[in-house]
Each structure stands twice: as C-alpha cells, then as structure tokens.
Amino acid sequence: LGMLENDPTLARPVCNGSSLLRVQVAYGVLHEQVRCPADLLRRRTPLALAPGRGLDELDAVSEQMARMLAADGQVRLSWQDDYRRQTEINNDIENSNK
C-alpha cells in the first residue's frame, strides 16, 4: 500500500482494458527482481496464457520497466522483439498440436 500512497497513478491499469496494474509491474521490479517484460508477463501473471498473450500490455510494461531500470530505448525494443518472437513460437507450437 505504501507504493500506492506515494504514487496513486500506480493503481491504474498498464493500458486500457488490462487487468494488469502498474503497481504490479513496479512491485515486480522493486521486490521480485523482474528485469524484462517476459519475466513479468510469462512468469508472474497469467497474461501470456490468455487471449492476446500479453501483447496488448507489452509496450506499456516495457516503457514502465525501462524508466524504472534506466534502460535505454534499444534495450526496451529488444525486450519487445524477444517477447513477440517467443509468443509467435508458442503460437506456432500450439497451432501445430491442434
């Protein structure tokens, strides 16, 4: 709750229509050593398993994490590319098993 008292905007979703809150991203970075969006979206939320696979949240999560971790734009783009590539691989595997 202390994080929300210091920054009430953390109570907002990371993007419109998302169940993921900005405070969850901040908590992951500050207290769970989350260092890339894939770690948060795949391991600490169910979003990677849901329709959309967390792709709707990816840009906002990457941006927030980059600010918190002082990562430059190139790192942020790399995170996004890696997540999209892995999501595409997972979709291909899932579709081949049908």
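Definitions and cut-offs
- Every chain is numbered on its own, with residues counted from 1 as its sequence reads.
- Reporting in this predicted model follows two pLDDT cut-offs: at least 70 for local features of residues, and 80 or more for side-chain atom pairs to be given and counted; totals over whole chains, interfaces and linings ignore these cut-offs and use all residues.
- Hydrogens and water are ignored here; the side-chain numbers use all heavy atoms of the structure.
- Inter-axis angles, ranging from 0 to 180 degrees, are taken between N-to-C directions of lines fitted to C-alpha atoms, where helices are fitted over the stretch in contact.
- Working definition: helices are DSSP H or I runs of at least four residues, strands are E runs of at least two. Numbering for both runs from the N terminus.
- Small angles under 35 degrees read as roughly parallel and large ones over 145 as roughly antiparallel, with 65 to 115 read as roughly perpendicular and the rest as oblique.
- Handedness of each helix crossing follows the sense of rotation of the near helix against the far helix: counterclockwise by less than a right angle gives left-handed, clockwise gives right-handed.
- Contact definition: two residues touch when any of their heavy atoms are within 4.5 Å.
- Gly is placed with the polar residues, together with every amino acid not listed as nonpolar (Ala, Val, Leu, Ile, Met, Phe, Trp, Tyr, Cys and Pro) or charged (Asp, Glu, Lys and Arg).
- Note on classification: 1.4 Å probe, protein chains only; a residue is buried when its accessible area is under 20% of the maximum for its type, exposed when over 50%, partly exposed between these limits.

Caption draft 1: Quick look at the packing of helix 2 (residues 22–31) against helix 4 (residues 55–69). Their axes nearest at 10 Å, the elements helix 2 and helix 4 cross at an angle of 40°. It follows that helix 2 is oblique to helix 4 by the angle criterion. At the point where helix 2 passes helix 4, the crossing takes the right-handed sense. Seen from helix 2, the contacting residues are Arg22, Val25, Ala26, Val29 and Leu30; seen from helix 4, they are Val61, Gln64, Met65, Arg67, Met68 and Leu69. When its residues are assigned to classes, the contact of helix 2 with helix 4 shows 8 nonpolar, 1 polar and 2 charged.

Caption draft 2: Representation of unusual backbone geometry. Although it is not a glycine, Gln33 adopts a positive phi angle of roughly 60°. Assignment of secondary structure puts Gln33 in the loop between helix 2 and helix 3 (37–43). Gln33 gets classed as exposed once you look at its relative accessible area, which sits at 52%. The backbone phi angle of Arg53 is positive, close to 55°, even though this residue is not glycine.

Read these as layout, nothing more, since geometry by itself doesn't imply function.
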